[in-house]
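For reference, the chains in residue letters:
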Amino acid sequence: MSSVSIIGPNGQLGSDLVKVFSVAGWKVVPITHGEISVENPESVSGALKIVRTDWVINTAAFHKVDECEKDSQKAWEINAFGAKNVAVAARDLGMRAVFISSDYVYSGNKEDSYSECDLVSPVNAYGHSKAGGEAVTLAANEKNLVIRIASVFGAAGSSGKGGNFVETIINKAKAGEPLSVVDDILMSPTYTVDAAQKILELLNLNQSGTFNATNSGSTTWFGFAQEILKQTKLTTELNSSKTNWESALKRPKNSSLDIKKIEGLSISSPSWSEGLSRYLVEKGHI
Ligand SMILES: NC(=O)c1ccc[n+]([C@@H]2O[C@H](COP(=O)([O-])OP(=O)(O)OC[C@H]3O[C@@H](n4cnc5c(N)ncnc54)[C@H](OP(=O)(O)O)[C@@H]3O)[C@@H](O)[C@H]2O)c1
């Protein structure tokens, strides 16, 4: 039986990884934040020595982008050195590591979507620290995996960010609040059930290296909000707004990800709007 440890098993992606791998018949060992802090190498190696699974998937992150900007040292400690602690301990124990990364490793200045061949070019502290985590993960063992996802929504809601965009829109619409959402940032939303399924298939196919694993297609945050209201049949005033590009916190303008590499392995990539419908059913919103 194949085995996997999941760091961050109660998080938005982690909880679906636990479900998807368990249903597929894998032995799944959850490693919670109560048991380890990825930035503490002894806690990581101590936990991995006990579990000794084939794989370890690291979903832990400090990912409030504005807070990362204010405390870039903490962002590096968790997102980059934490990733190193996991990848090095895993390598020393003969395990392989998967690091969950982000579209924010890119500047967003490209016209097209970003493929795995594009060089990273982060514009903020969060993106820099995730790019660091990617590099150390693959440097520790070329058989490791880096999985890039973006604009994540999953039933558990992000513990680190306090929910997700879909729930924010639904809550505000139900409260009758008018919505103002930016229409000048393009991204590829990711349903955690679909991302977890793709990660399972990549491990089953013994893949290594970097993969974009968002849902297919891209949209603006405004387009995402429109689709949420359409599918839930909620009505509230929805206005488009513009990003303040002069802000000290820089964000990628176009971080949509190209998923041809994963599709080339015949791993299915449902569209983000189809993933959204299944999410809304899962949460009982429709
Ligand atoms: N959310 C997004 O929109 C998004 C977009 C692109 C990429 N990503 C990446 O996707 C991954 C998963 O995101 P998510 O939304 O599922 O995150 P999440 O819900 O915040 O889950 C993170 C999990 O990691 C645990 N954790 C946090 N810091 C830790 C630490 N220092 N040591 C050990 N465990 C720690 C958390 O436990 P506690 O809650 O107990 O602290 C939680 O269970 C992250 O790597 C993130 O960078 C997310």
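To be clear, the structure that these remarks concern was listed above.
Throughout what follows, the structure given in this document is the object of discussion. (Residues numbered from 1 in each chain as written. Predicted model: local features only at pLDDT ≥ 70, side-chain atom pairs only at ≥ 80, totals over all residues.)

Quick look at the site of the ligand now. Around the ligand sit 28 residues, and of these Gly-8, Gly-11, Gln-12, Ser-159 and Gly-160 come closest. At the level of elements, α1 (12-23), α4 (72-92) and β4 (96-102) are the ones that each hand at least two residues to the shell around the ligand. Broken down by class, the residue content of the shell around the ligand amounts to 11 nonpolar, 15 polar and 2 charged. (Near = placed C-beta within 6 Å. Helix = DSSP H or I, 4+ residues; strand = E, 2+ residues; numbered from the N terminus. Nonpolar A, V, L, I, M, F, W, Y, C, P; charged D, E, K, R; others polar.)

Looking now at helix α5 (residues 125-140). Along its 16 residues, α5 runs 23 Å from first to last C-alpha, staying within 8% of the 22 Å computed at 1.5 Å per residue. Here α5 lies mainly inside the structure; 13 of its 16 residues are buried. (Expected span 1.5 Å × (residues − 1). Buried ≥ 20, exposed ≤ 12 C-beta atoms within 10 Å, placed from the backbone.)

Moving on, we come to the environment of Glu-134. Among the secondary structure elements, Glu-134 is positioned in helix α5. Separated by 141 residues in sequence, Glu-134 and Gly-275 have C-alpha atoms that sit 26 Å apart. Not counting residues within four places of it along the chain, the set of residues in contact with Glu-134 comprises Phe-99, Ser-101, Val-105, Val-146 and Thr-210. (Contact = placed C-beta atoms within 7 Å.)

Summarising the element assignment, Ala-89 is placed in helix α4. As for Ala-89 and Pro-189, which are separated by 100 residues in sequence, their C-alpha atoms are 32 Å apart. Ignoring anything within four residues of it in the chain, the contact list for Ala-89 reads Val-44, Ser-45 and Leu-48.

A few words on the pairing of strand β3 (residues 55-58). Every second residue of β3 is oriented toward a common face, with Trp-55 and Ile-57 on one face and Val-56 and Asn-58 on the other, all of them buried. Relative to β3, strand β1 (residues 3-7) runs parallel, the two sharing 4 bridges. Directly across from Ile-6, in β3, lies its bridge partner Ile-57. For β3 and β4, the ladder comprises 4 bridges, and the chain directions are parallel. Each residue of the ladder has a partner; that of Val-56, found in β4, is Ala-97. (Pairing = 2+ DSSP bridges.)

The subject of this paragraph is the environment of Glu-69. Locating Glu-69 in the fold gives a position in helix α3 (residues 65-70). For the pair Glu-69 and Lys-250, spaced 181 residues apart in sequence, the C-alpha to C-alpha distance is 9.4 Å. Residues in contact with Glu-69, not counting those within four places in the same chain, are Asn-124, Ala-125 and Leu-249.

Counting 77 residues, the largest nonpolar core has Ile-7, Leu-17, Val-56, Ile-57, Val-86, Ile-147 and Ile-199 as its most contacted members. The element contributing the most residues to this core is α4, with 8 residues. Apart from residues lying up to four places away in sequence, Leu-17 is in contact with Ile-6, Ile-57, Ala-196 and Ile-199. (Core = buried A, V, L, I, M, F, W, Y, C linked by C-beta atoms within 7 Å.)

Once that is clear, we can look at the sheet that holds strand β2 (residues 27-31). If you walk across this open sheet you meet the 6 strands as β2-β1-β3-β4-β5-β10, and the pairing is parallel. Each of the sheet's edge strands pairs with one partner strand only, and the pair in question is β2 and β10 (209-212). Across the sheet, the axes of successive neighbouring strands diverge by a mean angle of 20°, strand direction being ignored. With 5 bridges joining them, β1 and β2 adopt parallel strand pairing. If you follow Val-4 over to β2, its bridge partner there is Val-28. (Axes fitted to C-alpha atoms, helices over the stretch in contact; angles between N-to-C directions.)

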